[in-house]
Amino acid sequence: SRSVKVEFLSHSMPGVMLDFKSDQFEMQVHPGEVAHTTYTVHNRSDKVFVGQAVPSVTPAVLANDFQKIECFCFTQQTFQPGEKRTMPVVFVVSPEIERDYSTITLSYTFFQAVKPDAAKAKI
């Protein structure tokens with residue numbers, strides 16, 4: 001019967017014309033149960049955007065208690081000019097989470113991926 005509040009935050013790298021937001025700010029989840037949420041990305045530019053979302057969990061000591069089953073952060077994402085896409089996150093909060101913690105914050109930052117030509121130049 002215990003529940004934990006999970007908050008969802010999102011950020012984009014400065015200077016990128018990418019709107020990136022969670023579709024809900026928070027939800028109550030029961031540890032051990034599979035939960036679903038979504039994030040929406042809108043590429044407002046006239047250029048293709050290739051990026052990677054990097055997640056973080058706060059407080060950091062709970063990172064192992066927050067297990068993503070399905071996440072857009074597992075792979076690079078390509079967005080066409082003007083494209084808007086809703087992307088799922090499926091996760092479980094461990095049933096062994098310490099009772100002292102009642103809130104977990106999942107935060108993503110979307111970064112532009114290194115362009116292949118730029119990566120070759122550094123070799």
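Residues numbered from 1 in each chain as written. Predicted model: local features only at pLDDT ≥ 70, side-chain atom pairs only at ≥ 80, totals over all residues. Heavy atoms only, no water.

J.: I'm lost on the nonpolar core in this one. Help?
T.: A general feature of soluble globular proteins is that nonpolar side chains tend to end up buried together. Counting 29 residues, the largest nonpolar core has Phe-72, Phe-91, Tyr-108 and Phe-110 as the members making the most contacts within it. Sorting the residues of this core by element identifies strand S1 (4-12), strand S2 (18-22), strand S3 (26-29), strand S4 (34-43), strand S5 (49-58), strand S6 (66-71), strand S8 (84-93) and strand S9 (103-112) as the ones contributing at least two each. (Core = buried A, V, L, I, M, F, W, Y, C linked by side-chain atoms within 4.5 Å. Buried < 20%, exposed > 50% of the residue type's maximum accessible area, 1.4 Å probe, protein only. Helix = DSSP H or I, 4+ residues; strand = E, 2+ residues; numbered from the N terminus.)

J.: I tried to follow the packing of aromatic side chains on my own but got confused; where do I start?
T.: Each aromatic ring pair is described using two quantities: the centre-to-centre distance and the angle formed by the ring planes. Inspection of every chain in the model, using the stated rule, returns 13 aromatic pairs. An angle of 85 degrees between the planes, with centres 5.0 Å apart, marks the rings of Tyr-39 and Tyr-108 as edge-to-face. Placement of Tyr-39 in strand S4 and of Tyr-108 in strand S9 is noted, with a sequence separation of 69 residues between them. With relative accessibility at 0%, the residue Tyr-108 sits in the buried group. An aromatic cluster of at least three residues, connected via ring pairs, comprises Phe-8, Phe-20, Tyr-39, Phe-49, Phe-66, Phe-72, Phe-79, Phe-91, Tyr-108 and Phe-110. (Phe/Tyr/Trp six-rings, centres within 6.5 Å; stacked < 30°, edge-to-face > 60°.)

J.: Just checking my understanding: could you explain the sheet that holds S4 for this structure?
T.: Hydrogen bonding along the main chain pairs the strands of a sheet, whether they run parallel or antiparallel. Spatial strand order, S2-S4-S8-S6: 4 strands in an open sheet with antiparallel pairing. In this open sheet, the two edge strands, each paired with only one partner strand, are S2 and S6. Shown here is a sheet whose adjacent strand axes are inclined to one another by a mean of 25 degrees, direction ignored. Where S6 and S8 come together, 5 bridges link them in antiparallel fashion. Within S8, the residue paired with Cys-71 across the bridge is Val-89. (Pairing = 2+ DSSP bridges. Axes fitted to C-alpha atoms, helices over the stretch in contact; angles between N-to-C directions.)

J.: Got a minute to help me understand the sheet that holds S1 in this structure?
T.: Strand order in the open sheet made by the 5 strands is S3-S1-S9-S5-S7, with mixed pairing throughout. Edge positions in the sheet fall to S3 and strand S7 (77-79), since each of these pairs with one other strand and no more. Going from strand to strand, the sheet's axes swing by 30 degrees on average, the running direction of each strand aside. Taken together, the 8 bridges between S1 and S9 define a ladder with parallel strand orientation. Within S9, the residue paired with Val-6 across the bridge is Ile-104.

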